[in-house]
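# Structural overview for review
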Amino acid sequence: MATTFAQQGVGKHQGFEYSRTGNPTRNALEECLASLEDAKHCLAFSSGLGAETTLMLLLNPGDRVVYMEDVYGGTFRLFDKVLKRYGLEFSAIDASDIDAVEKAMTPQTRMVWLESPTNPLLRVVDIDAVSEVAHGHGAIVCVDNTFATPFLQQPLHLGADVVVHSSTKYIGGHSDVVGGAIMTDNDELEKQLRFHQNAVGAVPSPFDCWLLLRGVKTLALRVERQSQNAMVVAQALQQNKAVKRVFYPGLEGHPNRSVAARQMRMFGGMVSFEVADEPTAFRTLQRLKIFALAESLGAVESLAEHPARMTHASIPAQERQRAGVGDGLIRLSIGVEDVADLIADLESALR
Ligand code: P1T
């Protein structure tokens, strides 16, 4: 928990000076998370958005970022409402269409930002194919791997240069710690990130690092169960007459199922579905008893939320509609409970 470390003489220390710069518990977490992504380096942050902000500060005014149009609302808000003011340019595309990626690249494009599967529509991007296009134009590829987790998908093995996590979610796994992480194999990027991590200061507390280290021990067990449960829930929702559409990459008929099967071990614990309209969605959410109505995801307990009014409310209605995030959309984070109980809860609420 120490914030500072006694020095033997001025400038003579034993590896640690001050805990914003470096801390043994944070080092242990960074080593652990680097190994999970099979990355050379990992840097831990105080939140997913703290990690994203620090990464984006490596760019310069005039640089362009091409990003997947379906991303977490907070990521959109950071790009559109904060970083644009500093002269960065952002262009949203459907990155599951490789021609759209090619067309979006300009000499100013320094980074392609992907989520896969995406939040909240569970679209899947071919990371390998996008990386090839981006690298051909001299841009780096960053994948927000929060939804997949390193257990299901390792973007660095698929050609990506940088992985970002909100470790608040599956890595922590128990809804009791907010955190973020960046992984890369690139030594020069790591050096710049390390400088900015210290200069900007979005670092996690040692206690949060310890909680994440404890939570992550069961990552594989949790995500395996969550993925199995999610598949069964998605299939049950497909059979329900009150449900207009189910979004889950493991379902036959999902447009990117084959890409998902190729680059992921299982299909993950997130499921979204559409009901008739907003009032129906609100009523359904209120009637759920096992699913808690709450933001966030990835923990042992199941959660349900309304993206348009909750996690993605910072995206203007028009852009939200364009990306396909409708008012009848409900997003589920499937936990480790008995799947029959989860289905019964959903069916009863929908009825
Ligand atoms: O909340 P924070 O740890 O700062 O992480 C932000 C973040 C980044 N990337 C993805 C894919 C995310 O889903 C999030 C946070 N998302 C939620 C809180 C949510 O309910 O979707």
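Just so we're clear, the structure is a prediction, and the values are computed from it rather than from any experiment. (Residues numbered from 1 in each chain as written. Predicted model: local features only at pLDDT ≥ 70, side-chain atom pairs only at ≥ 80, totals over all residues. Heavy atoms only, no water.)

## Structural notes on the overall build of the chain
Secondary structure assignment for the chain yields 13 helices and 12 strands. In terms of overall dimensions, the chain is globule-like: its C-alpha atoms have a radius of gyration of 20 Å, near the 20 Å expected for 351 residues. Along the first, second and third principal axes, the C-alpha atoms of the chain reach 70 × 45 × 35 Å. Across the 351 residues of the chain, 56% fall into the buried class. Considering only contacts within the chain whose residues lie at least 6 apart along the sequence, 73% involve residues at least 24 apart. (Helix = DSSP H or I, 4+ residues; strand = E, 2+ residues; numbered from the N terminus. Rg over C-alpha atoms; globule rule 2.2 N^0.38 Å. Buried < 20%, exposed > 50% of the residue type's maximum accessible area, 1.4 Å probe, protein only. Contact = heavy atoms within 4.5 Å.)

## So, the sheet that holds strand β3 (residues 89-93)
The sheet built from 7 strands is open, its strands ordered β1-β7-β6-β5-β4-β2-β3 with mixed pairing. Every other strand in the sheet has two partners, leaving β1 (41-45) and β3 as the edge strands with one partner each. Direction aside, neighbouring strands of the sheet carry axes that sit 20° apart on average. Taken together, the 5 bridges between strand β2 (residues 64-68) and β3 define a ladder with parallel strand orientation. The residue of β3 that forms the bridge with Tyr67 is Ala92. (Pairing = 2+ DSSP bridges. Axes fitted to C-alpha atoms, helices over the stretch in contact; angles between N-to-C directions.)

## What to know about the pairing of β1
For β1, a buried count of 5 out of 5 residues is recorded, marking the element as mostly surrounded by other parts of the structure. The alternating pattern of β1 places His41, Leu43 and Phe45 and Cys42 and Ala44 on opposite faces, both of which are buried. Taken together, the 5 bridges between β1 and strand β7 (residues 180-184) define a ladder with antiparallel strand orientation. In the sheet register, Ala44 faces β7, and the bridge partner there is Ala181.

## Let's talk about unusual backbone geometry
Omega for the bond connecting Ser116 with Pro117 falls within 30 degrees of zero, at -10°, which places this linkage in the cis form. Summarising the element assignment, Pro117 is placed in the loop between β4 (109-115) and α5 (127-136). Residue Pro120 is reached from Asn119 by a cis peptide bond, and omega for that bond is 10°. Relative to the assigned elements, Pro120 resides in the loop between β4 and α5. In this model, Ser296 sits at a positive phi of 80°, which is unusual for a non-glycine residue.

## Some thoughts on the nonpolar core
Counting residues in each nonpolar core, the largest one holds 59 residues, and the members touching the most others are Val233, Leu237, Phe273 and Leu332. When residues in this core are grouped by element, the largest group, 8 residues, is from helix α9 (residues 219-238). Viewed by domain, this core spans two of them, domain 1 (24-216) and domain 2 (219-350), each represented by three or more residues. Listed in part, the 45 residues of the second largest apolar core include Leu58, Tyr67, Leu83 and Ala202. (Core = buried A, V, L, I, M, F, W, Y, C linked by side-chain atoms within 4.5 Å. Domains from an automatic or database assignment.)

## Topic: the pattern of salt bridges
Under the defined criterion, the tally for this structure stands at 16 salt bridges. Across the pair Lys40 and Asp187 runs a salt bridge whose closest N-O atoms are separated by 2.9 Å. A residue pair is termed long-range when its members are at least 10 positions apart, and Lys40 in the loop between α1 (24-36) and β1 and Asp187 in helix α7 (residues 187-200) qualify at 147 residues. Several salt bridges converge on common partners, so that one network encompasses Glu69, Asp94, Arg123, Glu319 and Arg322. (Salt bridge = Lys/Arg side-chain N within 4 Å of Asp/Glu carboxyl O.)

## As for the sheet that holds strand β9 (residues 270-274)
Read from one edge of the open sheet, 5 strands run β8-β9-β12-β11-β10, paired in mixed fashion. The two strands at the open ends of the sheet, each matched to only one other strand, are β8 (245-247) and β10 (292-293). Strand direction decides the pairing type here: β8 and β9, joined by 3 bridges, are antiparallel. Bridge assignment links Phe247 to a residue of β9, and that residue is Ser272. Contacts between helix α11 (residues 278-287) and the sheet are confined to β10, β11 (303-305) and β12 (329-333), with β12 contributing the most and set at about 30° to the helix.

## Structural notes on the pairing of strand β6 (residues 162-166)
For a regular strand, side chains alternate in direction, first toward one face of the sheet and then toward the other. With 5 of its 5 residues buried, β6 lies for the most part within the structure. Where strand β5 (residues 140-144) meets β6, 3 bridges bridge the pair, whose relative direction is parallel. In the strand pairing of β6, Cys142 is matched with Val162. In terms of strand pairing, β6 meets β7 through 5 bridges, oriented antiparallel. Looking at the pairing, His165 lines up with Ala181 of β7.

## A look at the domain arrangement of the chain
Its domain assignment divides the chain into domain 1 (24-216) and domain 2 (219-350). At the interface, 41 residues of domain 1 touch 43 residues of domain 2. Together, the buried faces of domain 1 and domain 2 total about 3400 Å²; carbon and sulfur atoms form 61% of this surface. Area buried by domain 1 at its contact with domain 2 is led by Phe151, Leu152 and Tyr170, which between them contribute 24% of it. Here domain 1 is connected to domain 2 by 2 salt bridges. Note that Arg322 is salt-bridged to Glu69, the shortest N-O span being 3.4 Å. Applying the counting rule to domain 1 against domain 2 returns 21 residue pairs in polar contact (both at pLDDT 80 or more). (Buried area = accessible area lost by both parts, 1.4 Å probe. Polar contact = N/O pair within 3.5 Å; in protein donor to acceptor, adjacent residues only side chain to side chain.)

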